[in-house]
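Descriptive structure summary
One-letter residues, chain by chain:
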Amino acid sequence: MKRIYFNEVVMRDGFQMEPEFVPTDTKVALTDALSQCGYAKIEVTSFTSAKAIPMLRDAEEVMGRIQRHSGVEYTVLVPNMRGAERALESRPDEFNLVMSMSETHNLANLRMTRENSFAALREVIQRFGAQVPINVSLSTCFGCPMEGGVPQQEVLEWASRFTDLGVRGLTICDTTGMAQPAQVAQMCEVLRQRFAGLQLTLHFHNTRGMGLANVLAAVQSGIDRFDGSLGGLGGCPYAPGASGNICSEDAIHMLDAMGFDTGMDLNRLLPIARDLPGVVGHSVPGQVAKSGRISDLHPALPSVTSLKKELS
Ligand code: COA
Ligand code: ZN
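Report on the accompanying structure.

1. Structural notes on the pairing of strand β7 (residues 199-204)
- With six of six residues buried, β7 lies mostly within the body of the structure.
- What you see with β7 is no split at all: Q199, T201 and H203 on one side and L200, L202 and F204 on the other are buried throughout.
- Judged from the six bridges that link them, strand β6 (residues 169-174) and β7 form a sheet pairing that is parallel. Directly across from I172, in β7, lies its bridge partner L202.
- Handedness of the crossover joining β6 and β7 through helix α8 (residues 181-194): right-handed.
- As paired strands, β7 and strand β8 (residues 225-228) are joined by two bridges and run parallel to one another. Within the sheet, the bridge partner assigned to L202 lies in β8 and is F226.
- A crossover links β7 with its parallel partner β8, the connecting element being helix α9 (residues 211-220), and its sense is right-handed.

Have a look at this one:
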């Protein structure tokens, strides 16, 4: 059985666009509950400016209070040197640096040109890379909602510049759900050839309903790591039209049903997913938490039972 690894991003990508502040106690309890479910990684929070992302202004406190589970890596998003200095104090297992493949989205999200972002992140890698494993998330790899198409070559070039600096992983993000499965398959084939040995993660949003199709295309192209968000919550506040990530439990359910080893315990995860609307105060897009697993059967109607008897 092929192993597939999941990184839960609800605490960061999931919450960052929510209008109502989720209390720190709730964030800690949710992270602790998710830690029991079999994730390879949990992205707990982000060390961005509180003005830019008010929801995650309690990053230090959340990181300080969660109970770390052996076997789970606790990663945090880091946008700049200030964020890295703050994050280091919290002893994360990984820094997840971020920059966009689209100049316009990078300016919107990080208020810098891509070259300036790269220079700032290079400094972070050079200063902290020996102490903390570093992943780089490349946003808008499959298209930008403002610029349109992003050439694959562009993604490969930025990816190479980061791998030359010795990062351990790259996350290829479809920030606003513009990827389609044929494009994903092509991108994944090339990435695997070019960056063999690197931890490659795919990050999809289901903005146009192609999320799980894209996961499947990536799996079939040999990718074994995915970001997902509980309930399908999520989106970047600086990307117009952004909506939820692929739903973790739906993706896990699909891959489990196909016979992949996700290492996940859906019996634990689904009740947590069912509580999520109560946490954020609205319904969430995830399907399996609502409909149950394919193995959760319903009793036949009494009329069908009697018809069966009559016909037997
Ligand atoms: N943590 C806390 N505060 C930070 C910070 C960080 N990592 N980086 C900057 N700041 C503060 C500065 O101290 C300054 O505060 P002040 O106004 O009280 O003096 C203010 O933010 C502006 O600092 P500046 O260096 O001019 O940054 P900026 O305004 O260009 O913003 C980012 C840069 C990256 C910090 C900001 O755009 C950001 O956090 N963006 C959000 C990125 C994100 O998480 N997007 C969604 C996920 S992809
Ligand atoms: Zn995202």
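2. Some thoughts on the pattern of salt bridges
- A full pass over the atoms with the stated rule returns 14 salt bridges.
- In this structure, D58 and K27 form a salt bridge, with 2.8 Å as the shortest nitrogen-oxygen distance. With a gap of 31 residues between them, D58 in the loop between β2 (41-46) and α3 (59-65) and K27 in helix α2 (residues 24-35) connect regions that are remote in the sequence.
- Among the residues examined, D58 registers a relative accessible area of 7% and is labelled buried.
- When its relative accessible area of 2% is taken as the criterion, K27 is described as buried.
- Through salt bridges that share partners, K41, E73, E94 and R168 make up one connected network.

3. Overview of the site of ligand 1
- What surrounds ligand 1 is a group of 17 residues, the closest being F47, K51, N80, R86 and N109.
- In the model, a nitrogen atom of ligand 1 is placed 2.9 Å from a nitrogen or oxygen of the F47 main chain.
- At 2.7 Å from an oxygen atom of ligand 1 is found a side-chain nitrogen or oxygen belonging to K51.
- Taken by itself ligand 1 offers 920 Å² of open surface, and the protein chains cover 68% of this.

4. What about the pairing of strand β1 (residues 5-8)?
- Sheet topology places β1 next to β8; four bridges connect them, and they run parallel. Bridging from a neighbouring strand, Y5 pairs with R225 of β8.
- In this sheet, β2 lies alongside β1 in parallel orientation, the contact comprising two bridges. The partner of N7 across the bridge, within β2, is K41.

5. Overview of the packing of aromatic side chains
- Counted according to the given criterion, the structure contains five aromatic pairs.
- Pairing F6 with F226 gives two aromatic rings, centres 6.3 Å apart and planes at 35°, and the pair type is tilted. Here the residue F6 occupies a position in strand β1, and F226 occupies one in strand β8, the gap between them amounting to 220 residues. Considered together, F6 and F226 belong to a single accessibility category, that of buried residues.
- Look at F118 and F162: their rings are 4.9 Å apart centre to centre, the planes differ by 65°, and that puts the pair in the edge-to-face class. In this pair, F118 is assigned in helix α6 (residues 114-128) and F162 in helix α7 (residues 152-163), connecting sequence segments 44 residues apart. Residue F118 shares its accessibility class with F162, and that shared class is buried.
- Through successive ring pairs, a cluster of aromatic residues spans F118, W158 and F162.
- Stacked on the ring of F118, the Lys or Arg R161 has its end atom at 4.2 Å from the ring centre.

The rules behind these values
Residues numbered from 1 in each chain as written. Chains lettered and ligands numbered in written order. Predicted model: local features only at pLDDT ≥ 70, side-chain atom pairs only at ≥ 80, totals over all residues. Heavy atoms only, no water. Buried < 20%, exposed > 50% of the residue type's maximum accessible area, 1.4 Å probe, protein only. Helix = DSSP H or I, 4+ residues; strand = E, 2+ residues; numbered from the N terminus. Pairing = 2+ DSSP bridges. Right-handed = clockwise from strand over helix to strand, strands pointing away. Salt bridge = Lys/Arg side-chain N within 4 Å of Asp/Glu carboxyl O. Near = heavy atom within 4 Å. Polar contact = N/O pair within 3.5 Å; in protein donor to acceptor, adjacent residues only side chain to side chain. Areas by Shrake-Rupley, 256 points an atom, 1.4 Å probe, with all protein chains shown as cover. Phe/Tyr/Trp six-rings, centres within 6.5 Å; stacked < 30°, edge-to-face > 60°. Lys NZ or Arg CZ within 6 Å of the ring centre and 35° of its normal.

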